[in-house]
Amino acid sequence: MTLSDRALRRLRWIAALVIALGFTVSFTLELLSRPDEAVFSVLLLTFPLVGFVVISRRPRATLGWLMVGVGLAFAWPFTPYGVYAMQPGREHLPYAEVALALGGPDWLPFIGISGYLLLLFPDGHLPSPRWRWFAWGCGIALASLVPLIWVAPGDFADAGFPEVQNPLAFEALTPLEPVFIVLLFAVPALIAGGAIALIVRLRRTRDDVVRHQIRWLTYVAALIAVIFALAFVPTLNEDATWTGWVQNLSALSFMLIPVAIGIAVLRYRLYDIDVVIRKTVVAAVLAAFVVLVYVGIVVGIGTVVGRRDESSSFLTIAAAGVVALVFQPLRTRARRLADRIVYGRRATPYQVLGTFGDQLAGTYSSDDVVPRIARVLAEGVGAERARVWLRVGDDLRVVGRWPADATDDGSDDLTTEVRHQGEDLGALSVSMPGNDPMNETKEELVRHLAGQAGLVLSNVRLTEELRARLDDLRAAQKRLVTAQDAERKRLERNIHDGAQQQLVALAVKLKLADSLVDRDTAKAHDALSQLQADTTRTLEDLRDLARGIYPPLLADEGLAAALSAQARRAAIPVGVDVALDRRYPPEVEAAVYFSCLEALQNVAKYADASMAAVLVRDDAEELVFEVSDDGRGFDPSVNGRGTGLQGIADRLGALDGTLEVRSAPGEGTVVTGRIAVAAAARPPVTTGVAAG
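Residues numbered from 1 in each chain as written. Predicted model: local features only at pLDDT ≥ 70, side-chain atom pairs only at ≥ 80, totals over all residues. Heavy atoms only, no water.

Helices and strands together make up the secondary structure of the protein chain, namely 24 helices and 12 strands. Taken as a whole, the protein chain presents about 38000 Å² of accessible surface, with 60% of it coming from carbon and sulfur. (Helix = DSSP H or I, 4+ residues; strand = E, 2+ residues; numbered from the N terminus. Areas by Shrake-Rupley, 256 points an atom, 1.4 Å probe, with all protein chains shown as cover.)

This is how it looks when you write it as structure tokens:
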């Protein structure tokens, strides 16, 4: 069953009431019977006091409840009552011997819980699961010792009454004394284990704050272990004169544990305890002031002048007036004192501004100065995050942050514009921790830093603009070189895919005409006449390409006419089917045109086909072309793409197009290309069908 935070808070108040009543009774009895022991009781209060501070902020903090447990263990005044009742002249008080017996093991919770504080510090968990057996073993041993001490035969020499025997003793347990001694070794084992656990944590952690928290308690644990070991040695020699004070010193040394934990809580903000401490300090200072003023005026002056009703009322009113006049200034000073206690010696605004100027004086690089601004800003106001913003156009972008790994998520508590000569250059922003909010002093400091940062951000923006212009210049140069390379490659592909294909066809026709010279002179003359016409057209195409323009027929009449004209020049019959109802951008039509010519050239050179077909269609928002043949085909997974097919792929890739090749040995080849295009506002064209 898990208690709610509300129930834990109620339990905290109940524990505080029990400890307060028990301490009052115990302290009173010890003052009356043995005043020297009363000092120990006062020092013992450090455990519950630190524990209450911790659980006031973290109701479920294990360490806080353990320290409260030490106070509860000593809240039962068995031993003080037994000692008081055993004093001469008080023989009538009942159950003195029983009280001494019940108070016998009161040192076990004190030392045992101290050992567990060492073992569980600072997060309330064991260093690792492998420590469970040790923690459980020591706990069972300590729990077993309590009833054994209650019923163990013996006297109360430690309490100063060696003649009084334990009334709860069982003589039959005398043979179990070796077991008692074995269980007793769990006490030094727990202390030593706690010290080792702290050392293990100290070596494992990489967090500087956690290391500082653990280091304080590690030093204390080492000191306690040494003194505690010395306290066990004198028991071997009862005549040693230093037995008493070493044992007392050993007991008092355990008081350093809550002190070390308190320092970790206070100085290194363990458990986010800052708010509680600050409010406690402020309230304590104000309460002490009110009490002193009232005592000083009403009691002190009233005693001097005599206590009459009229003067008493006047002095009370005067004390109230003094409190009212001084309360607000004193409250401000109390807050400063609380901040000094909680946060240490934070630099004054003048010191922060001086440090900022020194930082800028030794900095020459804009890459270094902006992070320094953020760091000085964060450290000056105690911010969790500080950011430096630079205005670029209408946008603000972060150019520096502290700490360096801080994220840019979330909003900031304060954002102050940075201006220089009336120009908005950017801003400084800070995000404050919840336990140290923004106030007027910090806001003023941020504004002063923003004023000093104006010239710096002006220079940074000039540097950024220069870098941007250099980047634009480099990008323009790169685009120019890329465009030149692309144009050169385009011209090369156009020559390769256009004029070269025509020249290949001329070579094939020349070979055919040569074979007809001896067999059929008439057909040879007709072939030569056709070759002359094809040569003239090829020459015109070369001249057009040399002038850097597309084929005139493609530019004027579109893909249907241009592909039909090329099909008529092919060495084998080529069917052309262009089903388009609109024109496309020139670069798209040129890509399709030259890709089809390259595919037909591959058919003429490698396919050994008897016929080919070209299909061009508008498929939704894609322009699709397909070149097929009935040649011998090939296996694309084995042969891959040659220079021609790779050129088509590159040409289509420049327009975000794709190429697909389907082929198999003996089944011909189909080359399909796709280019995503939108409708172009050009005159529609009719479907053209031609055969070569």
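A few words now on the sheet that holds strand β5 (residues 414–420). As summarised here, the arrangement of the four strands in space is β4-β3-β6-β5, forming an open sheet in which the pairing is antiparallel. The open sheet has two edge strands with one neighbour each: β4 (395–402) and β5. This sheet shows a mean twist of 25° between the axes of neighbouring strands, independent of strand direction. As paired strands, strand β3 (residues 385–392) and strand β6 (residues 423–431) are joined by six bridges and run antiparallel to one another. Paired with R385 across the bridge in β6 is S431. (Pairing = 2+ DSSP bridges. Axes fitted to C-alpha atoms, helices over the stretch in contact; angles between N-to-C directions.)

Judged by side-chain polarity, L3, L11, I14, V18, W76 and F78 come together as a nonpolar surface patch covering roughly 540 Å² of accessible area. Examining the composition of the nonpolar patch, we find that three residues originate from one element, helix α1 (residues 5–33), more than from any other. When you line up the elements, V18 lands in helix α1. (Patch = residues over 30% accessible without salt bridge, like charges linked within 9 Å, V, L, I, M, F, W, Y side chains within 5 Å. Salt bridge = Lys/Arg side-chain N within 4 Å of Asp/Glu carboxyl O.)

Further remarks concern the nonpolar core. F110 and I257 are the most contacted members of the largest nonpolar core, which has 47 residues in total. Put simply, the parts of the chain that give this core at least two residues each are α2 (35–44), α3 (46–57), α4 (62–73), α7 (107–120), α8 (132–151), α10 (186–204), α11 (208–232) and α13 (256–267). Sort the elements by how many residues they give to this core and α7 lands first, with nine residues. Listed in part, the 40 residues of the second largest apolar core include F594, A599, A612 and V671. (Core = buried A, V, L, I, M, F, W, Y, C linked by side-chain atoms within 4.5 Å. Buried < 20%, exposed > 50% of the residue type's maximum accessible area, 1.4 Å probe, protein only.)

For α1, with 29 residues, the first-to-last C-alpha span of 41 Å sits near the 42 Å given by 1.5 Å per residue. Along α1, the positions that sit buried rather than exposed are L8, R12, A15, I19, G22, S26, L29, E30 and S33. (Expected span 1.5 Å × (residues − 1).)

Here the structure, examined in full by the defined rule, presents four aromatic pairs. Ring geometry for W131 against F134: centres 5.9 Å apart, planes inclined by 90°, an arrangement best described as edge-to-face. A residue is classified by how much of its surface remains accessible, and F134, at 14% relative accessible area, is buried. Each member of the aromatic cluster is reached from another via a ring pair, and the members are W131, W133 and F134. (Phe/Tyr/Trp six-rings, centres within 6.5 Å; stacked < 30°, edge-to-face > 60°.)

Turning to the packing of helix α9 (residues 177–184) against α10, a few remarks are in order. Packing of α9 against α10 brings their axes to within 5 Å, and their N-to-C directions diverge by 10°. With respect to each other, α9 and α10 are oriented roughly parallel. On α10, the residues that touch V182, L183 and L184 of α9 are A186, V187 and P188. Per-class residue counts for the contact of α9 with α10 are six nonpolar, no polar and no charged. (Parallel < 35°, antiparallel > 145°, perpendicular 65-115°, else oblique. Contact = heavy atoms within 4.5 Å. Nonpolar A, V, L, I, M, F, W, Y, C, P; charged D, E, K, R; others polar.)

Summed over all chains, the structure comprises six salt bridges. Close ionic contact of R662 with E660 constitutes a salt bridge, the shortest N to O distance being 3.7 Å. Owing to a relative accessible area of 38%, R662 belongs among the partly exposed residues under this scheme. Using a relative accessible area of 37% as the deciding quantity, one classes E660 as partly exposed. The network of salt bridges with common partners includes D581, R582 and D618.

The next point concerns unusual backbone geometry. Most of the time, phi is negative for any residue but glycine, and the peptide bond is trans. The omega torsion across F121 and P122 is 5°, close enough to zero to call that bond cis. Looking at the secondary structure, you find P122 in the loop between α7 and α8. Notably, D608 is not glycine yet its phi reads approximately 55°, a positive angle. Structurally, the position occupied by D608 is in the loop between α22 (586–607) and β8 (612–619).

Quick look at the side chain of T672 now. Of note, T672 is situated in strand β11 (residues 669–676). For T672, a relative accessible area of 5% corresponds to the buried category. In contact with T672, other than residues within four places in its own chain, are V624, F625, E626, T658, L659, E660 and R662.

This paragraph deals with the pairing of β3. The buried fraction of β3 amounts to six of the eight residues, a majority that puts the element mostly inside the structure. Between the antiparallel neighbours β3 and β4 lie two residues, among them G393 with a positive phi of about 70°.

Before going further, it helps to examine the pairing of β4. The side chains of a regular strand alternate between both faces of the sheet. Pairing of β3 with β4, which is carried by seven bridges, proceeds in the antiparallel orientation. In the sheet register, V392 faces β4, and the bridge partner there is D395.

Glancing now at the packing of α3 against α4. Following both chains from N to C, one finds α3 and α4 inclined at 150°, their axes separated by 7 Å at the closest point. Handedness of the crossing formed by α3 with α4: left-handed. Residues F47, P48, V50, G51, F52, V54 and I55 of α3 pack against G64, W65, M67, V68, V70 and G71 of α4. (Left-handed = near helix turned anticlockwise from the far one by under 90°.)

Within the fold, G422 resides in the loop between β5 and β6. Through-space distance from the C-alpha of G422 to that of G454 is 9.9 Å; in sequence the pair is 32 residues apart.

With that out of the way, let us pick up the confidence of the model for the protein chain. For the protein chain, mean pLDDT is 76; residues scoring 70 or higher make up 76% of the total. When the criterion is pLDDT under 50, residues 347–351 qualifies, and its contacts beyond four places in sequence or with other chains add up to three contacts. Contacts of residues 679–692 to residues separated by more than four positions or lying in other chains number 43 contacts, the stretch itself having pLDDT below 50. (pLDDT = per-residue confidence, 0-100.)

The subject of this paragraph is the side chain of R201. Inspection of the secondary structure assignment puts R201 in helix α10. Exposure remark for R201: the relative accessible area of 11% places this residue in the buried category. Reaching out from R201, the side chain makes a polar contact with the backbone oxygen of L119 at a distance of 3.2 Å. Residues in contact with R201, not counting those within four places in the same chain, are L119, L120, F121, P122, D123, H125, L126, P127 and I214. (Polar contact = N/O pair within 3.5 Å; in protein donor to acceptor, adjacent residues only side chain to side chain.)

Glancing now at the environment of G112. Tracing the backbone shows G112 in helix α7. With a relative accessible area of 8%, G112 lands in the buried category. Residues contacting G112, with those up to four places away along its chain left out, are L142 and L190.

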